[in-house]
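Here are the chains, one letter per residue:
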Amino acid sequence: MTPGWPEMTRSFGRIGLLSFGGPAAQIALMHHELVEERGWLDEDTFLRGLGFCTLLPGPEAMQLATYAGWRLRGTAGGLLAGLLFVLPGALVMVALSALYLGYGRLPLVEAAFLGIKAAALAIVAGALWKLRAKALKGPLALAIATSAFVALFFFAVPFWIVLGSALVLGFAVPSGKAGSMPPPAQAGTLRTIVTWLAIWWLPLLTVLWLAPGSVPAQAGLFFSWLATVSFGGAYAVLAALAQTAVETNGWLRPDQMVDGLGLAETTPGPLILVTLFTGWLGGAQVSVGTAIATALVTLWATFTPCFLWIFAGAPHLERLTANPRLRGALDMVSAAVAGVIANLSVWFAVHILFTDVRNSSPPVPLPGSLDGRALMLALLAFVWLLVLKRGLPETLALAALAGAALFLFV
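By convention here, each chain's residues receive numbers from 1 onward along its written sequence. Reporting of local features is limited, given that this is a predicted model, to residues whose pLDDT is at least 70; pairs of side-chain atoms are given and counted only at 80 or more, and all residues count toward the totals for whole chains, interfaces and linings. Excluded from the side-chain calculations are hydrogens and water; all other atoms, namely the structure's heavy atoms, are used.

J.: Describe the overall build of the chain, and please don't skip the residues or the numbers.
T.: The helix count covers DSSP runs of H or I at least four residues long, the strand count covers runs of E at least two residues long, and both are numbered beginning at the N terminus. When you go through the chain residue by residue, the secondary structure sums to 17 helices and two strands. Taking 410 residues into account, the globule formula puts the C-alpha radius of gyration at 22 Å, and the chain, at 21 Å, falls close to it. Over its C-alpha atoms, taken along the principal directions, the chain stretches across nearly 60 × 55 × 45 Å. Buried positions account for 51% of the 410 residues belonging to the chain. The criterion used for residue contact is that any of the two residues' heavy atoms lie within 4.5 Å. Once local pairs closer than 6 in sequence are excluded, the contacts in the chain between residues at least 24 apart make up 73%. Using the Shrake-Rupley algorithm and a 1.4 Å probe, accessible areas are obtained, with residue cover drawn only from the displayed protein chains. Taken as a whole, the chain presents about 17900 Å² of accessible surface, with 69% of it coming from carbon and sulfur. Side chains of the chain give 22 positive and 18 negative charges; the mean places of these two sets differ by 7 Å. Throughout, radius of gyration means the C-alpha value; the globule benchmark is 2.2 Å times the number of residues raised to the power 0.38. The cut-offs for exposure are 20% and 50% of the maximum accessible area for each residue type, with area from a 1.4 Å probe on protein chains only; residues under the lower value are buried, those over the upper are exposed, and the others partly exposed. Neither His nor the chain ends is counted toward charge; the positive residues are Lys and Arg and the negative residues Asp and Glu. Charge placement uses NZ in Lys and CZ in Arg. For Asp and Glu, CG and CD serve respectively.

Encoded structure:
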């Protein structure tokens, strides 16, 4: 089924506006919208795309949206889906960055976002429950997922080692029989790579030529490098981001970096939108115009490479996975991804429900730091969404209003 452009715009626009709660909740939202509700993608295609996107540098949820759009309507569909996933959160992040710089923390807004974060816990819980039966097919897949969770959560094993081990094991354990080989991908992969390298770098080279050494020029180079090496999602590259933005470039203070991460966790879109916050504050040290220019360069350098990875690699995915060993490798990666999502979910839950968490592996909440408001909001969202089966927009709106009400009246 090929959806029309108005349907595509409504569906991916909805995903972009409601994509709170980090990659686990965002992947759950896309699965609900694209597989369960609309039937535009089947289960295997969705999971295969998820495994593929997880192996790429950059935000996997944004790349999964781009892949889904590409599957439905080609390059134009991928562009539409990817942009609609990123732009709502980017606009919110820029607005919040400007307000933060002008007014500091806004307690009422923080309280409303606490409700949204608590609601994201319910979204993630529902996603994990559904994912257990769909991605964990057989005892080996369950063992891989469990091992991935334990390695990441309890021992802080690097993300690339976890996925690399699953990939190697998958090669050793072929999945099923050889399938019918799809026709070769359309010619033009090299042309696609060259085109998207030009789209990515020509604007940045122009900035470097017109304003060498400026904050936007520094941002273009740094965030392009970060987009190329950011395997494992935003959490895996936060240390490099903080070190460069705080210590090397002096764009913001350590406490402001923490505040920016908090804002990124409560806005729609990928967590890596925290780069916009750092770019805005760095540019604002010069002028508002420089802040706007730096934010635009940061957005471009962070997300344009994602389109390159998808449009160059996705056309070959079907053909590659017709091979039993390659399909087995991707199946094991999909199983490991379930463990990765479980790790992100538990990490997210611990940091939402407790106000004081020891930074260790695993993260340990300190006694007495349970946030009663967050727990109440999470239970409210859980009942509203998973027990009463109400919709996501309604649940998020209710949780935000409840969070604001607790701040004002309790």
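J.: How would you sum up the pattern of salt bridges? Please name residues and give values.
T.: Side chains that carry opposite charge are capable of pairing whenever their charged atoms lie near each other. Every case where a carboxyl oxygen of Asp or Glu lies within 4 Å of a side-chain nitrogen of Lys or Arg is listed as a salt bridge. In total, this model carries four salt bridges according to the counting rule given. Put simply, Arg 14 and Glu 33 hold a salt bridge, and the shortest N to O gap is 2.9 Å. Remark: Glu 33 occurs in helix 2 (residues 22–37) and Arg 14 occurs in helix 1 (residues 5–18); sequence separation between them is 19 residues. Given a relative accessible area of 4%, Glu 33 falls into the buried group. A salt bridge links Glu 394 to Arg 390; its shortest N-O distance comes to 3.0 Å. Among the residues examined, Glu 394 registers a relative accessible area of 34% and is labelled partly exposed. The exposure class of Arg 390 is partly exposed, given its relative accessible area of 37%. Three or more residues are tied together by salt bridges with common partners; here these are Arg 14, Glu 33 and Arg 38.

J.: Residues and numbers for the state of the cysteines, please.
T.: Note on terminology: pairs of cysteine sulfur atoms within 2.5 Å are recorded as disulfides. According to the stated counting rule, one finds zero disulfides in the structure shown. This cysteine, Cys 53, is not joined by any disulfide, and Cys 306 carries the nearest cysteine sulfur, 9.4 Å off. Judged by its relative accessible area of 0%, Cys 53 falls in the buried class.

J.: Run through a nonpolar patch on the surface, naming residues and quoting values.
T.: Patch definition: residues above 30% relative accessible area lacking any salt bridge, with like charges linked at up to 9 Å and the nonpolar side chains Val, Leu, Ile, Met, Phe, Trp and Tyr linked at up to 5 Å. A contiguous nonpolar surface patch, about 570 Å² in accessible area, is contributed by Leu 108, Phe 407, Leu 408, Phe 409 and Val 410. By residue number, the principal contributor to the nonpolar patch is helix 17 (residues 392–409), which donates three residues. In this fold, Val 410 is placed in the segment after helix 17. With relative accessibility at 78%, the residue Val 410 sits in the exposed group.

J.: Hey, could you go over helix 6 (residues 139–155) for me, with residue numbers and the actual values?
T.: With 17 residues, helix 6 extends 23 Å between its outermost C-alpha atoms, agreeing within 8% with the 24 Å of an ideal straight helix rising 1.5 Å per residue. Taken as a whole, helix 6 has its buried residues at Ala 141, Ile 144, Ala 145, Ala 148, Phe 149, Ala 151, Leu 152 and Phe 153. Immediately beyond the C-terminal end of helix 6, within one or two residues, lies Ala 156, with a positive phi of roughly 55°. By this rule, a helix spans an expected 1.5 Å times one less than how many residues it contains.

J.: How would you summarise the packing of helix 8 (residues 189–210) against helix 13 (residues 288–313) if you had to cite specific residues and measurements?
T.: When two helices pack together, you describe them by how their axes are tilted relative to each other and by the distance separating the axes. One can describe the packing of helix 8 onto helix 13 by two numbers: an axis separation of 9 Å at closest approach and a directional angle of 175°. The orientation of helix 8 relative to helix 13 falls into the category roughly antiparallel. Facing Thr 189, Thr 192, Ile 193, Trp 196, Leu 197, Ile 199, Trp 200, Pro 203, Leu 204 and Val 207 of helix 8, the residues of helix 13 in contact are Val 297, Trp 300, Ala 301, Thr 304, Pro 305, Phe 307, Leu 308, Trp 309, Phe 311 and Ala 312. For this classification, the nonpolar set comprises Ala, Val, Leu, Ile, Met, Phe, Trp, Tyr, Cys and Pro, the charged set comprises Asp, Glu, Lys and Arg, and every other residue, Gly included, is treated as polar. Grouping the amino acids of the contact of helix 8 with helix 13 by side-chain chemistry returns 17 nonpolar, three polar and no charged. A fitted line through C-alpha atoms serves as each axis, taken over the contacting stretch for helices, and the angle formed by two N-to-C directions is quoted from 0 to 180°. Convention used here: angles under 35 degrees read as roughly parallel, angles over 145 as roughly antiparallel, angles from 65 to 115 as roughly perpendicular, and any remaining angle as oblique.

J.: Please provide a residue-by-residue account of the nonpolar core, values included.
T.: For this analysis, a nonpolar core means a set of buried residues of the types Ala, Val, Leu, Ile, Met, Phe, Trp, Tyr and Cys, connected via side-chain atoms within 4.5 Å. Grouped together as the largest cluster of nonpolar side chains are 106 residues, with contacts concentrated most on Phe 12, Met 30 and Tyr 67. Setting aside anything within four residues of it in sequence, one finds Met 30 in contact with Ile 15, Val 35, Phe 46, Ala 61, Leu 64, Ala 65 and Phe 85. Grouped together as the second largest cluster of nonpolar side chains are twelve residues, Phe 348, Leu 353, Leu 377 and Ala 378 included.

J.: Kindly report on helix 2, identifying the contributing residues and their values.
T.: With 16 residues, helix 2 should cover 22 Å at 1.5 Å per step; its first-to-last C-alpha distance of 21 Å lies within 8% of that length. Fitting one axis to the seven residues ending at a residue and another to the seven starting there, the bend at that residue is the angle between the two axes. Along helix 2, the largest kink reaches about 25° and is centred on His 31. In terms of burial, helix 2 is largely enclosed, as 13 of its 16 residues are buried. Backbone geometry just downstream of helix 2 places Gly 39 in the positive-phi region, at approximately 65°.

J.: Residues and numbers for unusual backbone geometry, please.
T.: Phi angles above zero are rare outside glycine, and Lys 389 is one such case at about 60°. Structurally, Lys 389 can be placed in the loop between helix 16 (372–387) and helix 17.

J.: Describe in detail the packing of aromatic side chains, supporting the description with residues and values.
T.: Working definition: a ring pair exists when centres of Phe, Tyr or Trp rings (six-membered ring for Trp) sit within 6.5 Å. Plane angles under 30 degrees give stacked, over 60 give edge-to-face, the rest tilted. Per the counting criterion, the structure on display carries 14 aromatic pairs. An aromatic cluster is defined as three or more aromatic residues linked by ring pairs; in this entry it consists of Phe 222, Phe 223, Trp 225 and Trp 251.

J.: Describe the packing of helix 9 (residues 215–229) against helix 12 (residues 274–284), with residues and values.
T.: Remark: helix 9 packs on helix 12, axes separated minimally by 10 Å, with the N-to-C direction vectors making an angle of 160°. Between helix 9 and helix 12, the crossing angle belongs to the class labelled roughly antiparallel. Judged by the twist between their axes, the crossing of helix 9 over helix 12 is right-handed. Taken together, the residues of helix 12 that come into contact with helix 9 (itself represented by Val 215, Phe 223 and Leu 226) are Thr 275, Thr 278, Gly 282 and Gly 283. When its residues are assigned to classes, the contact of helix 9 with helix 12 shows three nonpolar, four polar and no charged. Should the near helix be turned anticlockwise from the far one by less than a right angle, the crossing is left-handed, and should it be turned clockwise, the crossing is right-handed.

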